[in-house]
Structures are given as C-alpha cells and as structure tokens.
Amino acid sequence: CSSDLWGLWHFSVTIAMYRVKPYSGEMQVDLPRCMYQARSMHTSAGPREQPQQEVVDPSLQALEFRQEEILNRLYELKAAVDGLSKMIHTPDADLDVTSIIQVEEQIPSNTFVPDLDSLLGKDYGALRDIVINANPSSPPLSLLVLHGLLCQRYKVLTAVHTHSSVKNVPEHLLKCFGEQINCSRKEYQLGFTLIWKDVPKPQMKFSIQNMCPIEGEGNIARFLFALFAPEHNAVTLTLIDSWVDTVIFQLKEGSTKEKAAVLRAMNSALGKSPWLVGNELTVADIVGWCAVQQTNGSTAVPANVQKWMKSCENLVPFNMADRKS
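For clarity, every value in this text was computed on a predicted model and none was experimentally measured.

### Looking at the packing of aromatic side chains
In step 1: For the structure on display, the rule yields 1 aromatic pair.
In step 2: Ring centres 5.1 Å apart and planes at 90° place the aromatic pair Trp-289 and Phe-318 in the edge-to-face group. Residue Trp-289 is located in helix α9 (residues 283-293), and its partner Phe-318 is located in helix α11 (residues 316-324); the two are separated by 29 residues in the primary sequence. For the residue pair Trp-289 and Phe-318, the accessibility class agrees, reading buried in each case.

Below, the structure is given as structure tokens:
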C-alpha cells in the first residue's frame, strides 16, 4: 500500500513539473519580414551626389599603348617562328640561307577566295607553309604551273632555297618565282617554299606534326589543285586520277612505245572534249601538259594534242612556267 501511495505522489509531481498555463485570447507577436534589414536609401531628403569621373594618368595611358605595341610585335615574331619551324624540324635544316629568294604575288580583287580554314584546318598565329623538295636535274614543271594558279586565288609568300646536297643550280631555277620582295609574313595567306635538293622524286611537307610527307609529282599536284578546284563526283575524280597516273608513269617515265600509246589515248579523248576530263581544266591537264613539254619532241604529237597544248599555253600560269623551265 505504501508503494502505491509513493507512485501516485511521484506521478502528481511529474505532471506539475511540465504543466503549462493555458493560452487564450489574442497576443501580438512581432515576426520578422525579411532576413536582413537595412536602412532605406530612397528616403534621403538631399539630392543624390553624382559620381566623380576617374582621371586617367597620362603615364598609364602611354604604358598601355606601349604594351599593345609589344604584343603586336610578339604576334608577328610568333608567326614567323612558327612558319620557320616547319622547315627547321625536318632533315632540311642545313639550308644555304644566302640563296633565299622571296617574292610577293598579288591576288586579283575580283577573284573569289576559298576558305583555307575549311580546306587545311585552322592554324592560329602561323602562316601555312607548303615546303617542297625537288631535284634541279628534273624540275617538276607542274608545280610551277600550280604555283601560278594558287597566286591567282591567294596571297602567296614564295621562297626558293638551295640544299647543301646540290651544287650549281641554274640561275633560272633559282629565280623561278621572280625577284625578292621583303614583306611581313602576316600579310599572306599561304607560304610556298621550293627547296632544290638531291632527292629521287619530289617531296612535299605541309604539317610536320599531323601528316607524313607526300611523295611524287602527281600526288603533290593533286594536293595543290585541291586548294582551289571545285569538288568533282566519284566518276570524274576516278578519270582525273587515272590520267595523272598514266601521264606520270607512262608518258613521262615510260618507254617510247608507252609514250606513243598515251599520246594516242590523249588525242582520242581531246577529240571529244576540250580538256582531258570534260569541259573544265583539271590537274590531269596540268600534269599532262608538263609531261608532253618534257618529252623534248622524242615522240610525234597528234593534232588534237597540239591544239590542246596551245589552249593550255594561252593561260598565264602555263606560259610563265614554260618560260621559267
């Protein structure tokens, strides 16, 4: 019985400890209306003060102008070094710099200029340099024609170098691109460098990091012609490639019998169209014309081929290449 009384007393004490007075009626509670309160700036009685204009120190302006000039000069230097590195990083580093000849080729203002970024990819801050090694004992005449065509579409910075592996390069080959004109590299779109070197066949290097060298006059001609020529369908491209290979391996390098057979095939094709492949000039015509020129009259040239040769020579790049060869 005593334990029951103790439990009842303990329960009553516990209830009294946590008892809360009843809430009734209205009580005003000041609740916050924003998290951070600040004095309003819109109730100012006086007029708002105008901010004072900052006075720029003339010496600071002169420093900024000088910095821009230095950055522009560094940009030009970077472009020149990036362009030269494409030759320095190759086995052709031992160039005779005393025989360098550079020339500026102007581009006609009314000629459509293709986008080189879409053809060759973007190359920020550096001139795109095409470097070609060729043997002076067998000059690639087609490359001179293609150089002339490129100069009609782009602003081309051309140069001729003599490699230490060759001696006594003829004067007309050293000046095949004209006389030297010094100008800033950033004013040009394309660099065209020809190196006279003792090589078995022409070699071209465009991007040292991203592509291997291209060998053979026909393959180099295909690459250069693609920089300004319109796209062709698969059938036309196949015919063009077939003519290029036939001309290079049979008309230029073949026997007398093979040369005669190629000239007959050319005569038949030119009897159906003004050019070897259709009604437009292609790389097959350029390589073919150069090969016929270099046969030196060892094989009789048919009538249609002679007429086609004259049509080619009426174009300025062919005429200039003929005089320089």
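### Some remarks on the packing of α9 against helix α10 (residues 303-313)
In step 1: Axis separation between α9 and α10 bottoms out at 11 Å; the angle between their running directions is 110°. As the angle between them shows, α9 and α10 are arranged roughly perpendicular. Note that α9 runs across α10; the crossing there is left-handed. Touching Asp-285, Gly-288, Trp-289, Val-292 and Gln-293 of α9 are Trp-308, Met-309, Cys-312 and Glu-313, all from α10.
In step 2: When its residues are assigned to classes, the contact of α9 with α10 shows 5 nonpolar, 2 polar and 2 charged.

### Concerning α9
In step 1: The element α9 is extensively covered by neighbouring structure, given that 10 of its 11 residues are classed as buried.
In step 2: Val-283, Ala-284, Asp-285, Ile-286, Val-287, Gly-288, Trp-289, Cys-290, Ala-291 and Val-292 are the residues of α9 that are buried.

### What about the pattern of salt bridges?
In step 1: Scanning the entire structure with this criterion turns up 3 salt bridges.
In step 2: Across the salt bridge formed by Glu-217 and Lys-252, the nearest N and O atoms sit 2.3 Å from each other. Here Glu-217, found in helix α6 (residues 217-225), pairs with Lys-252, found in helix α7 (residues 234-252); they are 35 residues apart in sequence, far enough to count as distant.
In step 3: The class for Lys-252 is partly exposed, based on a relative accessible area of 24%.
In step 4: With a shortest N-O distance of 2.8 Å, Asp-245 and Arg-222 are connected by a salt bridge. Taken together, the residues Asp-245 in helix α7 and Arg-222 in helix α6 connect sequence positions 23 residues apart.
In step 5: Bridged by salt links that share partners, the residues Arg-222, Asp-241 and Asp-245 form one connected network.

### With respect to the side chain of Asn-135
In step 1: Its place among the elements puts Asn-135 in the loop between β2 (128-134) and α4 (141-153).
In step 2: We classify Asn-135 as buried; its relative accessible area is 15%.
In step 3: Within the local environment of Asn-135, its side chain forms a polar contact with the side chain of Asp-198, the two groups lying 3.4 Å apart.
In step 4: Here Val-199 takes part through its backbone oxygen, which lies 3.1 Å from a polar atom of the side chain of Asn-135.
In step 5: Leave out the neighbours within four places in its chain, and Asn-135 touches Trp-196, Lys-197, Asp-198 and Val-199.

### Concerning the state of the cysteines
Two cysteines form a disulfide when their sulfur atoms are joined by a covalent bond.
In step 1: Counted according to the given criterion, the structure contains 0 disulfides.
In step 2: Here Cys-290 stays free of any disulfide, with the sulfur of Cys-312 as its closest cysteine sulfur at 8.8 Å.

### Here we look at the pairing of strand β4 (residues 190-196)
In step 1: Burial of β4 is extensive: 7 of the 7 residues sit out of reach of the surface.
In step 2: On β4, burial covers both faces: Leu-190, Phe-192, Leu-194 and Trp-196 on one face and Gly-191, Thr-193 and Ile-195 on the other are all buried.
In step 3: Bridge count for β2 against β4 is 7 bridges, and the pairing is parallel. Bridging from a neighbouring strand, Asp-129 pairs with Gly-191 of β4.
In step 4: Inspection of the sheet shows strand β3 (residues 156-163) paired to β4 by 7 bridges, in the parallel sense.

### Comments concerning the pairing of β3
In step 1: Burial analysis of β3 places 8 of its 8 residues in the buried class, which makes it a mostly covered element.
In step 2: Of the two faces of β3, both are covered, the one formed by Val-156, Thr-158, Val-160 and Thr-162 as well as the one formed by Leu-157, Ala-159, His-161 and His-163.

### With respect to the confidence of the model for the protein chain
In step 1: Per-residue confidence for the protein chain averages 76 on the pLDDT scale, and 66% of its residues sit at or above 70.
In step 2: pLDDT under 50 marks residues 89-113. Its contacts with residues more than four places away, or in other chains, come to 73 contacts.

### A word on the packing of α6 against α9
In step 1: Axis separation between α6 and α9 bottoms out at 10 Å; the angle between their running directions is 140°. Here α9 runs oblique to α6, going by the angle between their axes. When the axes of α6 and α9 are compared, the crossing they make is right-handed. Touching Ala-221, Arg-222 and Phe-225 of α6 are Val-283, Ile-286 and Val-287, all from α9.
In step 2: For the contact of α6 with α9, a count of residues per class yields 5 nonpolar, no polar and 1 charged.

### Points about α6
In step 1: Most of α6 is tucked away: 7 of the 9 residues are buried.
In step 2: When we look at burial in α6, the residues that qualify are Glu-217, Gly-218, Ile-220, Ala-221, Phe-223, Leu-224 and Phe-225.

### Some points on the environment of Leu-157
In step 1: Within the fold, Leu-157 resides in strand β3.
In step 2: For Leu-157, a relative accessible area of 5% puts it in the buried group.
In step 3: C-alpha of Leu-157 to C-alpha of Thr-193: the two residues are 36 residues apart in sequence and 8.2 Å apart in space.

Cut-off values and rules
Residues numbered from 1 in each chain as written. Predicted model: local features only at pLDDT ≥ 70, side-chain atom pairs only at ≥ 80, totals over all residues. Heavy atoms only, no water. Phe/Tyr/Trp six-rings, centres within 6.5 Å; stacked < 30°, edge-to-face > 60°. Helix = DSSP H or I, 4+ residues; strand = E, 2+ residues; numbered from the N terminus. Buried < 20%, exposed > 50% of the residue type's maximum accessible area, 1.4 Å probe, protein only. Axes fitted to C-alpha atoms, helices over the stretch in contact; angles between N-to-C directions. Parallel < 35°, antiparallel > 145°, perpendicular 65-115°, else oblique. Left-handed = near helix turned anticlockwise from the far one by under 90°. Contact = heavy atoms within 4.5 Å. Nonpolar A, V, L, I, M, F, W, Y, C, P; charged D, E, K, R; others polar. Salt bridge = Lys/Arg side-chain N within 4 Å of Asp/Glu carboxyl O. Polar contact = N/O pair within 3.5 Å; in protein donor to acceptor, adjacent residues only side chain to side chain. Disulfide = S-S within 2.5 Å. Pairing = 2+ DSSP bridges. pLDDT = per-residue confidence, 0-100.

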